[in-house]
Amino acid sequence: MKIEEEIKSTVPLDNSKKIILNILYTQNVVADKFNEILKPYEISGEQYNVLRILRGQKGNPANMCVIQERMLARTSNTTRLVDKLLLKNLVTRNVCPENRRKIEVLITQKGLDVLTELDPKVLEHENFFSKNLNAEELELLNQLLEKFRNQ
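Small disclaimer: the values here were computed from a predicted structure and weren't measured.

> I tried to follow the overall build of the protein chain on my own but got confused; where do I start?
A count of helical and extended segments in the protein chain gives seven helices and three strands. Reading the protein chain from its N end, one meets helices and strands in the order α-α-α-β-α-α-β-β-α-α. For 151 residues, the compact-globule estimate of 2.2 N^0.38 gives 15 Å, and the C-alpha radius of gyration of the protein chain, at 19 Å, exceeds that figure by more than 25%. C-alpha extents for the protein chain along the principal axes are approximately 60 × 30 × 30 Å. Per-residue burial for the protein chain yields a buried fraction of 26% across its 151 residues.

Here it is as structure tokens:
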């Protein structure tokens, strides 16, 4: 369905406005479906992102700056996200012995288990949104979005 139909626009939209609306609307559709996957685990998309970042550390701790730099939504309050994951026993947080101002965060086995359980569901989610595009179209869409974003 065209974006004008989705938002029930009664006026013609120029392409610059349509692309922004398409990106924002599509992001909301994808996020809503993703949040349905996460809901039974009682974690948010941002918390999931933190867990993925920590798993990528392969057993090494990450400090708050590293996590913040790798977040998809850089405006997220990383400390608050880590605190919530800590309460769910999905991460540990310790003071760095060499630099007491630095906080080190590690994913727990429980956190790894949650990600392992989510992995096939996330893959299915990604494939669901990609299924209408062939490999060339997916590559082109990625290139165009990167070109659009990197002004």
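> Could you clarify how one ought to interpret the nonpolar core in this entry?
The tendency in soluble globular proteins is for nonpolar side chains to be buried side by side. Counting 25 residues, the largest nonpolar core has I43, Y48, V50, L51, L54, I67 and L118 as its most contacted members. Elements with a contribution of two residues or more to this core: helix 2 (15-38), helix 3 (45-55), helix 4 (64-70), helix 5 (78-87), strand 3 (103-107) and helix 6 (109-130). Among the elements that make up this core, the one with the highest residue count is helix 3 (five residues). Aside from chain neighbours lying at most four places away, what touches L51 is I43, L85, L90, V91, I107 and L115.

> Please explain the packing of helix 2 against helix 6 as it appears in this structure.
Between helix 2 and helix 6, the least distance of the axes is 11 Å, while the angle of their chain directions is 155°. It follows that helix 2 is roughly antiparallel to helix 6 by the angle criterion. The chirality of how helix 2 crosses helix 6 is right-handed. Every residue of helix 6 that contacts helix 2 at V29, V30, K33, F34, I37 and L38 is listed here: L118, K121, V122, H125 and F129.

> Would you mind showing me how to read a nonpolar patch on the surface here?
On the surface, I19, I20, I23, L24, L133, L141, L145 and F148 cluster together into a nonpolar patch covering about 600 Å² of accessible area. It is helix 2 that contributes the most residues to the nonpolar patch, four residues altogether. Positionally, L145 belongs in helix 7 (residues 135-149). Judged by its relative accessible area of 34%, L145 falls in the partly exposed class.

> What is the right way to look at the sheet that holds strand 2 (residues 91-95) in this model?
Strand-to-strand pairing in sheets goes through backbone hydrogen bonds, with the strands running parallel or antiparallel. Judged by pairing direction, the sheet is antiparallel, and its three strands sit side by side in the order 1-3-2 without closing on themselves. The outermost strands of the open sheet, each flanked by one partner alone, are strand 1 (62-63) and strand 2. Contacts between helix 5 and the sheet are confined to strand 2 and strand 3, with strand 2 contributing the most and set at about 120° to the helix.

Reading the values: the criteria
Residues numbered from 1 in each chain as written. Predicted model: local features only at pLDDT ≥ 70, side-chain atom pairs only at ≥ 80, totals over all residues. Heavy atoms only, no water. Helix = DSSP H or I, 4+ residues; strand = E, 2+ residues; numbered from the N terminus. Rg over C-alpha atoms; globule rule 2.2 N^0.38 Å. Buried < 20%, exposed > 50% of the residue type's maximum accessible area, 1.4 Å probe, protein only. Core = buried A, V, L, I, M, F, W, Y, C linked by side-chain atoms within 4.5 Å. Contact = heavy atoms within 4.5 Å. Axes fitted to C-alpha atoms, helices over the stretch in contact; angles between N-to-C directions. Parallel < 35°, antiparallel > 145°, perpendicular 65-115°, else oblique. Left-handed = near helix turned anticlockwise from the far one by under 90°. Patch = residues over 30% accessible without salt bridge, like charges linked within 9 Å, V, L, I, M, F, W, Y side chains within 5 Å. Areas by Shrake-Rupley, 256 points an atom, 1.4 Å probe, with all protein chains shown as cover. Salt bridge = Lys/Arg side-chain N within 4 Å of Asp/Glu carboxyl O. Pairing = 2+ DSSP bridges.

Purely geometric stuff here, so don't read any function into it on its own.
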